[in-house]
Amino acid sequence: MDLYGDFNLQRDDHDGSQNQSHPPRWGGVDNPPPPAGESAQTPQEAGGATFNVPQYVQKLQRDLRSLGFMIIPEPNGKFDRYTEWAVKEFQCYARMRTVARLNAQRLQQYSPQTGQSAVDVSALGARQGANPPESYYVGTLDSVSNDALYTGPISGIVNARTRTAIDHWLSNNFRCPVVIEAWQINRHGQRTSIFRHGTNVWRYNEITSGGPRVFYRDFSGYYSYPNGCNPNEYQVLGAYYHYSTYGGPASIVPKHTWSQAEMMPELLVGPTTTLASLQADQNGATTSTYRVVRAAAEQECMGAFDSINAYDDALISLGPCHWTMGLMPQHGYHNGELPGFLAYVLSKDRDSYLLAFGNFGLYPSEAWTRSSDWTATNRGTLWNRHQRTFNGWIKTHNDNTDPAQAPNNIQNLTDVNRAADEANYFKTWHWFFRMIMAGRTVAQVQQAMWDMVRYRLRDVLDVPVRAGSGPSAIVSTLGHIFTSEKAVAILLRWHIYRPAHVTGQRVSSSIQSAINASPTLAWTLPPAQWTDAHESALTSRLLADATAVNPTQALLAAWPSYTGRADRHYALGDELGSLRETRNSFSLDSTGL
């Protein structure tokens, strides 16, 4: 007989209660018939004699925790959300060709009396005398080949292939190959001692102190690390942050990010576009667009691919526009822009998408519509034409999913439950790690960000606008009204923060205010004949109104010389100059769009 009575254990299963004569539920069936060779499952017979009911769900929970999947707080015999998440995580890591294995001999040398379960070894904390510091748990793991790959879906259901894989892992002392730990640090950012209960951290709110710094140790070999980053060492990941009534992981420049993940041109635009090439072409469209994008990105994601936020009401957000996975969880997360970005990456490079997201069961709710098929009013089901953004939700595997076919059949995947308690799975530390590593190591993810932010710029600049009334009314577009790099950067950031302000009346009101404040300028001329004085009046009013909505707009406008920037230790200094303020100084690089 297979593990767990051959049952496909799943959400809402439980082991029942003998004391209360409450029968179990296994495989989605209440009081199921016993497997061959097992006694009846009814906890109590008519005469009052109690049968011994197997504890299949609790056994599963104990097994997963012993393998390092300690997202389950306590083995309680109830297949709850944390048990489902643990099964999904096991299915994710069991697909990897390299996993971790406990070195029992080394553990015996370090701590002869300790049991071999991940729970037991994790409880030992930091290994005494280790230099550099490490936990007993990390110090007793080795990378090994996974000779029994799990090939099924990331469903959270303990199907037959999952049971086989768990049994193999148990027999071979395999462990989850990514270990996340919270450490106290010294003033140089070096690890000193493990924070209380800081070994093997999983749930996003497992540690709610902002004091420790979170690191990971990756035994999987799954990601290709850039030069200067050793995959066989601890690497920084982030810290816990509070925001209003929310909280969760975040990575802040430079404490938690890699210098190799700064949004330099060769990573964001492509390997042939270097800082030197932009310096040599200061008036080129790519240089102009990069200046605008980089200035906005430094206020959104701090100019780093691996500066990610999972601590507020947006579930998780990343990229130069800090695309959000979802919004406002009070009544279930609303659509966000990150699924639109995911859809674009999937359309651009399937293999890179699988590496970054798809192999872990994450997909956008809708497919990307090719730009060649766009019309003025329709750009596919992800398009929000009123706000000029691409919005959607997320999907994941179900137990009928063939992972190899999932990229071509996302319509048959399952919508993630929008309730905060359920969707918050995607702000757990291991999902945070995956998003970080996608930004750090997957080139096509990095370069897709350049495309998406340029689509946004083009769409924002095409927004129609009307100012004034009567025969002298100005009827144009934002791109013909605002033509300097500085103004376009302010518009971009305002649209990221509040899209409806830019596509609605707020920016139109700013234009009207600028006209009213400078009556001596010839506003009745066609915008193509406006001068630097017109641009200056428009930009000053735009900046004042944008700053009233978001004070950090003032920092963007001062790029690259705003207060505090030096503390981030960017590789990019002032080589490209500041945002240009003159009329017609912005040029959009539309290559490939």
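Residues numbered from 1 in each chain as written. Predicted model: local features only at pLDDT ≥ 70, side-chain atom pairs only at ≥ 80, totals over all residues. Heavy atoms only, no water.

### Things to note about the overall build of the chain
Step number 1: Within the chain, the secondary structure is distributed over 20 helices and 21 strands.
Step number 2: The C-alpha radius of gyration of the chain comes to 27 Å, within 12% of the 25 Å expected for a compact globule of 593 residues.
Step number 3: With the C-alpha coordinates aligned to their principal axes, the bounding extent of the chain is approximately 100 × 55 × 40 Å.
Step number 4: A burial count over the chain gives 57% of its 593 residues as buried.
Step number 5: Within the chain, counting contacts between residues at least 6 apart in sequence, those at least 24 apart form 66% of the total.
Step number 6: When the 49 positive and 52 negative side-chain charges of the chain are each reduced to one mean point, those points stand 4 Å apart. (Helix = DSSP H or I, 4+ residues; strand = E, 2+ residues; numbered from the N terminus. Rg over C-alpha atoms; globule rule 2.2 N^0.38 Å. Buried < 20%, exposed > 50% of the residue type's maximum accessible area, 1.4 Å probe, protein only. Contact = heavy atoms within 4.5 Å. Lys, Arg positive; Asp, Glu negative; His and termini not counted. Charge placed at Lys NZ, Arg CZ, Asp CG, Glu CD.)

### Regarding the packing of aromatic side chains
Step number 1: Within this structure, the stated rule accounts for 38 aromatic pairs.
Step number 2: Pairwise contacts between aromatic rings join Tyr82, Trp85, Tyr216, Tyr222, Tyr223, Phe360, Tyr425, Phe426, Trp431 and Phe433 into one cluster.
Step number 3: Positioned over the ring face of Trp183 is Arg191, at 5.3 Å from the centre of the ring.
Step number 4: The ring of Tyr82 is capped by Arg203, whose NZ or CZ atom sits 5.8 Å from the centre of that ring. (Phe/Tyr/Trp six-rings, centres within 6.5 Å; stacked < 30°, edge-to-face > 60°. Lys NZ or Arg CZ within 6 Å of the ring centre and 35° of its normal.)

### A closer look at the sheet that holds strand 5 (residues 174–175)
Step number 1: The 3 strands lie next to each other as 4-3-5, forming an open sheet whose pairing is antiparallel. The open sheet terminates on both sides in strands that have one partner only, identified here as strand 4 (141–145) and strand 5.
Step number 2: With 2 bridges joining them, strand 3 (residues 98–102) and strand 5 adopt antiparallel strand pairing. When the sheet's bridge partners are listed, Arg101 is paired in strand 5 with Phe174. (Pairing = 2+ DSSP bridges.)

### What about the layout of surface pockets?
Step number 1: Its boundaries defined by the atoms lining it, the largest pocket holds a volume of some 1,100 Å³.
Step number 2: The wall of the largest pocket is formed by 39 residues, among which Glu300, Asp312, Thr324, Tyr497 and Arg498 lie closest to the centre.
Step number 3: Of all the secondary-structure elements, those providing two or more residues to the lining of the largest pocket are helix 9 (285–300), strand 12 (323–324), helix 16 (485–497) and helix 17 (499–503).
Step number 4: Residue composition of the lining of the largest pocket, by class: 16 nonpolar, 15 polar and 8 charged.
Step number 5: In this model, the second largest pocket occupies a volume close to 540 Å³.
Step number 6: Forming the walls of the second largest pocket are 23 residues, and the residues nearest its centre are Pro132, Arg191, Glu233, Tyr234 and Gln235.
Step number 7: Listing elements by their share of the lining of the second largest pocket, those giving two or more residues are helix 5 (136–139), strand 8 (213–218) and strand 9 (235–243). (1 Å grid on protein atoms, 1.4 Å probe; cavity = no way out; pocket = protein on both sides within 12 Å on 5 of 7 lines; lining within 4 Å. Points joined across faces, edges and corners; volume = space filled by probe spheres on them. Nonpolar A, V, L, I, M, F, W, Y, C, P; charged D, E, K, R; others polar.)

### A short note on the sheet that holds strand 18 (residues 394–396)
Step number 1: The sheet built from 3 strands is open, its strands ordered 15-18-19 with antiparallel pairing. Each edge of the open sheet is held by one strand with a lone partner, namely strand 15 (363–364) and strand 19 (414–415).
Step number 2: Where strand 15 lies against strand 18, 2 bridges are found, and the strand directions are antiparallel. Each bridged residue has a counterpart across the sheet, and for Pro364 the counterpart in strand 18 is Ile394.

### Description of unusual backbone geometry
Step number 1: Residue Pro132 is bonded to the preceding Asn131 through a cis peptide linkage, with omega at 5°.
Step number 2: In this fold, Pro132 is placed in the loop between helix 4 (118–122) and helix 5.
Step number 3: Residue Pro560 follows Trp559 across a cis peptide bond; omega there is 5°.
Step number 4: Structurally, Pro560 is set in the segment after helix 20 (553–557).
Step number 5: Unusually for a residue other than glycine, Asn200 sits at a positive phi of about 65°.
Step number 6: Here Asn200 shows up in the loop between strand 7 (191–194) and strand 8.
Step number 7: Overall, the relative accessible area of 2% leaves Asn200 in the buried class.
Step number 8: Phi at His569 takes a positive value of approximately 55°, unusual for a residue other than glycine.

### Details of the state of the cysteines
Step number 1: With the rule as written, the count across this model stands at 0 disulfides.
Step number 2: The cysteine Cys229 is free of any disulfide, with Cys301 supplying the nearest cysteine sulfur at 17 Å.
Step number 3: This cysteine, Cys301, is not joined by any disulfide, and Cys321 carries the nearest cysteine sulfur, 8.7 Å off.
Step number 4: Relative accessible area serves as the criterion here: at 0%, Cys301 is assigned to the buried category. (Disulfide = S-S within 2.5 Å.)

### Some words on helix 16
Step number 1: Under the 1.5 Å per step criterion, the end-to-end length of helix 16 is 18 Å for 13 residues, consistent within 8% with the ideal 18 Å.
Step number 2: When you tally the buried positions in helix 16, you get 12 out of 13 residues, the bulk of the element.
Step number 3: Burial in helix 16 covers these residues: Glu485, Lys486, Ala487, Val488, Ala489, Ile490, Leu491, Leu492, Arg493, Trp494, His495 and Ile496. (Expected span 1.5 Å × (residues − 1).)

### Things to note about the nonpolar core
Step number 1: Leu9, Phe69, Leu478, Phe482 and Ile511 are the most contacted members of the largest nonpolar core, which has 161 residues in total.
Step number 2: Here the element with the most residues in this core is helix 14 (residues 443–461); it accounts for 10 residues.
Step number 3: In this structure, Ala100, Leu102, Val121 and Tyr234 belong to the second largest nonpolar core, which totals 16 residues. (Core = buried A, V, L, I, M, F, W, Y, C linked by side-chain atoms within 4.5 Å.)

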